Amino acid sequence: MASTVILASGGINSTVAAARAKQEGDIHLLHIDYGQKPADPQRAAVRMIADSLGGDFTSLELPHVNAIATLKKQSGAGASREQNLRQQTMESVSQIPSLITVMIGVATQLAHRVGASAIHVGTSELADEIENQTAPGKGTPDHRRDMFYLHNLLLEQLQKSKTPIKLEAPLIDQSRGDIIKLGERYKAPLDLTFSCHNGREARCGSCPSCVARTKAFKEAEIADPADVVTTG
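The model shown is predicted, which means the values in this text are computed figures rather than measured ones.

(A) Expanded view of the overall build of the protein chain. Along the backbone of the protein chain there are nine helices and five strands. Taken from N to C terminus, the helices and strands of the protein chain fall in the order β-α-β-α-β-α-α-α-β-α-α-β-α-α. In the protein chain, of all internal contacts separated by at least 6 residues, the share reaching a separation of at least 24 is 64%. When the accessible area of the protein chain is evaluated, it comes to approximately 13,100 Å², of which 51% is carbon and sulfur surface.

Given below as structure tokens:
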């Protein structure tokens, strides 16, 4: 039976990827805390999703990522305004270049430990291009198909096994609306997902992630099961 490690954020995409992989074998949901604001609610969501799908749950911290991101550089008198702005941007851990490489490396170690043959991520190149209004192949670097292709080449070189662990992005060509429809098909626990980036327990409804989620359910013409309507 196949065994797969899922890089899980608690969001819709990784949850659908996990539910899809569960159809073929055991799943191990890996949540990584690298200092992102919503780390705690994400971790809680991933744990509940793993329980719902009958998968294993692992949460790991990467404190060095946040430590590096928040380092203060000594700015000389000649430092340009653009350089200072760039430094401020880098202090946001979600914008660290090559963060996905670090996460894939951790997932690879876990896959070796648990005997998994694949690592799945819920990344969608199409959804990224639509949301950022970019041309095909010009979206966010860590969402592109060629990035995963190159990582697979690297994994093949680093592993001695005749059947090296494969890195896969099964939702790479799907829109967010189609991903939600797939979630319905695979009975993914979408009601347990957490997609907000504001770091609070409740969704803010206005951050880019919340906005994208609302649009996705509208596109799929399905009510968001995580919505809780209260009256007072």
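Don't stop here, the text continues.
(B) Just the nonpolar core, in detail. Counting residues in hydrophobic clusters, the biggest one holds 25 residues, and the most contacted among them are V5, L7, L30 and I32. Considering each element in turn, this core owes the most residues, eight residues, to helix α5 (residues 99-114). Contact partners of V5, with chain neighbours within four places excluded, come to H28, L30, A107, L110, A111, V114, A116, A118, I119 and H120. If you look at the next biggest cluster of nonpolar residues, it comprises 24 residues, including I12, I27, L182 and A216.

(C) Just helix α1 (residues 12-22), in detail. Counting buried positions along α1 gives nine out of eleven residues, so the element sits mostly inside the fold. Where the residues of α1 are buried, they touch β1 (2-7), β2 (25-33), α2 (39-53), β4 (118-120), α8 (176-185) and α9 (208-220).

(D) Molecular detail of the sheet that holds β4. A sheet is described by the order of its strands in space; here five strands give the open sequence β3-β2-β1-β4-β5, paired in parallel fashion. Both outer strands of the open sheet, β3 (56-61) and β5 (166-168), are each paired with one neighbouring strand and no more. The mean angle between the axes of side-by-side strands here comes to 25°, regardless of whether they run parallel or antiparallel. In this sheet, β3 lies alongside β2 in parallel orientation, the contact comprising six bridges. Considered in β3, the bridge of H31 is made with S59. Set on the sheet, α2 makes contact with β2 and β3; between it and β2 the angle comes to about 170°.

(E) Structural detail: the pattern of salt bridges. What the rule picks out here adds up to six salt bridges. A salt bridge links R176 to E131, with the shortest nitrogen-to-oxygen separation between them at 2.1 Å. Within this pair, whereas R176 is found in helix α8, its partner E131 is found in helix α6 (residues 125-132), the two being separated by 45 residues in sequence. Residue R176 is classed as partly exposed on the basis of its relative accessible area of 28%. Linking E156 and K166 is a salt bridge whose minimum nitrogen-to-oxygen distance equals 3.0 Å. Of this pair, E156 sits in helix α7 (residues 145-158) while K166 sits in strand β5; the two residues are ten residues apart in sequence, bridging distant segments of the chain. Counted as one network, the salt bridges with shared partners bring together D33, D40 and R43.

Rules used throughout
Starting afresh in each chain, residues are numbered from 1 along the sequence in its written order. Thresholds applied to this predicted model are a pLDDT of at least 70 for local features of residues and 80 or more for the giving and counting of side-chain atom pairs; totals over whole chains, interfaces and linings are not thresholded and use all residues. Side-chain figures throughout are based on the complete set of non-hydrogen atoms in the structure, without hydrogens or water. Helix and strand definitions follow DSSP, with helices as H or I runs of at least four residues and strands as E runs of at least two, each counted in order from the N terminus. The contact rule is simple, with two residues in contact once any of their heavy atoms fall within 4.5 Å. Here the accessible surface of atoms and residues is derived via Shrake-Rupley with a 1.4 Å probe, and residues count as covered only by protein chains that are part of the display. We call a set of buried residues a nonpolar core when its members are Ala, Val, Leu, Ile, Met, Phe, Trp, Tyr or Cys and they connect through side-chain atoms within 4.5 Å of each other. Each residue is placed in one exposure class: buried if its accessible area under a 1.4 Å probe, protein chains only, is under 20% of its type's maximum, exposed if it is over 50%, and partly exposed if it falls in between. Being paired, for any two strands, means DSSP has found at least two bridges between them. For helices, the fitted line uses only the C-alpha atoms of the stretch in contact; every axis is such a line through C-alpha atoms, and the angle between N-to-C directions lies from 0 to 180 degrees. Every case where a carboxyl oxygen of Asp or Glu lies within 4 Å of a side-chain nitrogen of Lys or Arg is listed as a salt bridge.

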